[in-house]
Amino acid sequence: MACESIIALAKSCGENKISGVQNLYIIRYADLVETNGSTYTVSTAGLISDINIVTAKQFVPVGLLKNTAVLNETLNKNLQTGTSYMTQTFTLVLSDLTTENKTFIESVMNQEVAIVIRTKTGKYYAAGLNGQMELSALEGGTGTAEADLIGHTLTFTGTDTKLIQQVDSSLIPTITAPAS
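Peer 1: Break down the pairing of strand β6 (residues 83-95) for me, with residues and values.
Peer 2: Pairing of strand β5 (residues 69-78) with β6, which is carried by 10 bridges, proceeds in the antiparallel orientation. Looking at the pairing, Val-70 lines up with Thr-91 of β6. Between the end of β5 and the start of β6, which pair antiparallel, lie four residues, with Gly-82 showing a positive phi angle near 75 degrees. Where β6 meets strand β10 (residues 151-160), 10 bridges bridge the pair, whose relative direction is antiparallel.

The structure is reproduced here in structure tokens:
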């Protein structure tokens, strides 16, 4: 495949650029359906415009503590083999050692998941729509001092040949279950 020309990029003025994850929605990858080799459709504007979900299934909301979730990606490139891919990592903190948290952890522990996040800027992004994201690390406990975390930190890791993709915000009400 031939390389494409470089695309011009205007300077960002920094408006509405606050960092952080505001909302998290998650679904097991097995509840997505591949159509034409993909579980999602990208519009001509470059946004994910549709995610193919099994009937009666939806992304479920996961309650987040303020400033305790992050989605990152890292390029992995091998010049000798000519391969490159992105490692995507999503980390979230669950506060307290509750039965509800234990049940959630057990539900995501041994299966691939896909996630959609809403950032504090109001934009939505997806990761794991290719079936490659899963819980890769779990750490937690009671903490030692009063201000320590009592709960768990979950790390989901996946790989993709594409950068994290933005989701069209008009799609969110049709793919997510309301918070209970």
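Picking up where we left off.
Peer 1: Just give me the short version of the side chain of His-152, but keep the residues and values in it.
Peer 2: Counting through the fold element by element, His-152 comes out in strand β10. Assessed through its relative accessible area of 19%, His-152 is described here as buried. Not counting the four nearest positions on each side in its chain, His-152 is found in contact with Leu-92, Val-93, Leu-94, Leu-97, Ile-105, Leu-138, Glu-139 and Gly-140.

Peer 1: Tell me about the nonpolar core, residues and numbers included.
Peer 2: Inside soluble globular proteins, nonpolar side chains tend to come together where they are buried. Among the nonpolar cores identified, the biggest contains 21 residues, and Ile-26, Phe-90, Leu-92, Val-108, Ile-115, Leu-154 and Phe-156 are the most heavily contacted of them. At the level of secondary structure, the elements contributing two or more residues to this core comprise β1 (21-28), β5, β6, α1 (99-108), β7 (112-119), β9 (133-141) and β10. Every residue in contact with Leu-154, bar those within four places of it in the chain, is listed here: Phe-90, Thr-91, Leu-92, Leu-94, Phe-104, Ile-105, Val-108, Leu-135, Ala-137 and Leu-138. Residues Tyr-29, Ile-48, Val-116 and Ile-172 belong to the second largest nonpolar core, which totals 18 residues.

Peer 1: I'd like to hear about the pattern of salt bridges, residue by residue, with values.
Peer 2: According to the stated counting rule, one finds two salt bridges in the structure shown. In this structure, Arg-28 and Asp-31 form a salt bridge, with 2.9 Å as the shortest nitrogen-oxygen distance. Note on Asp-31: relative accessible area 8%, which makes it buried. For Lys-102, the salt bridge identified is with Glu-106, shortest N-O distance 2.9 Å. Note that Lys-102 and Glu-106 are positioned in helix α1 at a spacing of four residues, about one turn of the helix.

Peer 1: Got a sec to walk through unusual backbone geometry? Specific residues and values, please.
Peer 2: Positive phi values are uncommon outside glycine, yet Asn-36 reaches one of about 55 degrees. Secondary-structure assignment places Asn-36 in the loop between β1 and β2 (40-42). Since its relative accessible area comes to 81%, Asn-36 is described here as exposed. Of note, the phi angle at Asn-67 is positive, near 60 degrees, even though the residue is not glycine. Looking at the element boundaries, Asn-67 is found in the loop between β4 (60-62) and β5. Here Asn-67 falls in the exposed class, since its relative accessible area comes to 56%.

Peer 1: Summarise the side chain of Asn-101; cite the residues concerned and give the values.
Peer 2: With respect to the element layout, Asn-101 can be found in helix α1. Contacts of Asn-101, omitting those with residues within four sequence positions, involve Leu-94, Ser-95 and Asp-96.

Conventions and cut-offs
- Within each chain, residues carry numbers counting from 1 in the order of the written sequence.
- Where totals are concerned, whole chains, interfaces and linings use all residues; where local detail is concerned, this predicted model gives features only for residues with pLDDT of at least 70, and gives and counts side-chain atom pairs only at 80 or more.
- The basis for the side-chain values is all heavy atoms of the structure; hydrogens and waters are excluded.
- Any two strands with at least two DSSP bridges between them are considered paired.
- Here a helix means four or more residues in a row that DSSP labels H or I, a strand means two or more in a row labelled E, and each is numbered from the N terminus.
- Buried means the residue's accessible area, taken with a 1.4 Å probe over protein chains only, is under 20% of the maximum for its type, while exposed means over 50%, and partly exposed covers the values in between.
- In this analysis, two residues are considered to be in contact whenever any of their non-hydrogen atoms come within 4.5 Å of each other.
- Buried Ala, Val, Leu, Ile, Met, Phe, Trp, Tyr and Cys residues that are joined via side-chain atoms within 4.5 Å together make up what is termed a nonpolar core.
- Salt bridge, as applied in this entry: a Lys or Arg side-chain nitrogen positioned within 4 Å of an Asp or Glu carboxyl oxygen.

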